[in-house]
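Letter by letter, the chains look like this.
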Amino acid sequence: MLSTQQKRKLALQALPIFTDYLFKKNKKLSRLIFVKLKFVKLSDAWGICDVHDVGIKPREFTVYIHSGLDNEKDIITTVAHEMVHVWQYATGKLRDYEAPVHRYENYLYDANMSYRDMPWEIEARRLEKTLYRLWQKQ
């Protein structure tokens, strides 16, 4: 069983790998992003990406990871998934409009649609696999 400190160390080691990959087309932007990482008890998700500043391309985020996750793969894939959302928001690819509307790649979506059908979640699930494999090679 991993301690919270071990989980945090594991996640923090993965962050630069994921950031380098996701922001490879815009290294300057990657240096402007601030991500705070917290392990907390979550009841209905493994992770959450919380945007702190408003605007078209926010720069400050908190990534919450469920403290109940206890194996490396689940922790790393969850961090990867939430970092995809950081990248989506930071590049303006994903934006929250007035509830319950999101804009993704210039299309508006009802946030009440099925989680599995949300295109930004589909992209995050796809990229989390790529990022996990990249982390495994490190």
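The structure we're discussing is the one just above.
On a predicted model such as this, the values are computed, not experimentally measured, just so you know.

A.B. asks: Even after reading the chapter, I still don't get the packing of helix α3 (residues 72-90) against helix α4 (residues 119-137), so can you show me in this structure?
C.D. replies: Helices that pack against each other are described as a pair by the angle of their axes relative to one another and the distance between those axes. The N-to-C vectors of α3 and α4 enclose an angle of 125 degrees; their axes lie 8 Å apart at closest approach. Judged by the inter-axis angle, α3 sits oblique to α4. Note on packing geometry: the crossing formed by α3 with α4 is right-handed. Two secondary-structure elements touch here, α3 through Glu72, Lys73, Ile76, Thr77, Ala80, His81, Val84, His85, Trp87 and Gln88 and α4 through Trp120, Glu121, Glu123, Ala124, Arg125, Leu127, Glu128, Leu131, Tyr132 and Trp135. Partitioning the contact of α3 with α4 into residue classes produces 10 nonpolar, 4 polar and 6 charged.

A.B. asks: Just to check I follow, could you spell out the environment of glutamate 121 for this structure?
C.D. replies: Within the secondary structure layout, glutamate 121 lies in helix α4. A residue is classified by how much of its surface remains accessible, and glutamate 121, at 9% relative accessible area, is buried. When the C-alpha positions of glutamate 121 and histidine 81 are compared, they lie 8.5 Å apart, and in sequence the two are 40 residues distant. Apart from residues no more than four positions distant in its own chain, glutamate 121 is found in contact with His81, His85 and Tyr115.

A.B. asks: Help me out: how do you make sense of the nonpolar core in this one?
C.D. replies: Across soluble globular proteins, you tend to see nonpolar side chains buried next to one another. With 37 residues, the main nonpolar core has Phe18, Leu22, Ile33, Val79, Met83, Val86 and Trp135 as its most contacted residues. Where this core is concerned, the elements lending two or more residues are α1 (4-22), β1 (34-40), β3 (60-66), α3 and α4. The element best represented in this core is α3, accounting for 10 residues. If we ignore the near neighbours within four places in the chain, the residues touching phenylalanine 18 are Ile76, Val79, Ala80, Met83, Leu131 and Trp135.

A.B. asks: Teacher, can you tell me more about the pairing of β1 here?
C.D. replies: Across a regular strand the side chains alternate sides, sitting on one face of the sheet and then on the other. Side-chain alternation along β1 places Val35, Leu37 and Phe39 on a buried face and Phe34, Lys36, Lys38 and Val40 on a face that remains uncovered. With 7 bridges joining them, β1 and β3 adopt parallel strand pairing. Paired with phenylalanine 39 across the bridge in β3 is isoleucine 65.

Rules used in this analysis
- Residues numbered from 1 in each chain as written.
- Predicted model: local features only at pLDDT ≥ 70, side-chain atom pairs only at ≥ 80, totals over all residues.
- Heavy atoms only, no water.
- Axes fitted to C-alpha atoms, helices over the stretch in contact; angles between N-to-C directions.
- Helix = DSSP H or I, 4+ residues; strand = E, 2+ residues; numbered from the N terminus.
- Parallel < 35°, antiparallel > 145°, perpendicular 65-115°, else oblique.
- Left-handed = near helix turned anticlockwise from the far one by under 90°.
- Contact = heavy atoms within 4.5 Å.
- Nonpolar A, V, L, I, M, F, W, Y, C, P; charged D, E, K, R; others polar.
- Buried < 20%, exposed > 50% of the residue type's maximum accessible area, 1.4 Å probe, protein only.
- Core = buried A, V, L, I, M, F, W, Y, C linked by side-chain atoms within 4.5 Å.
- Pairing = 2+ DSSP bridges.

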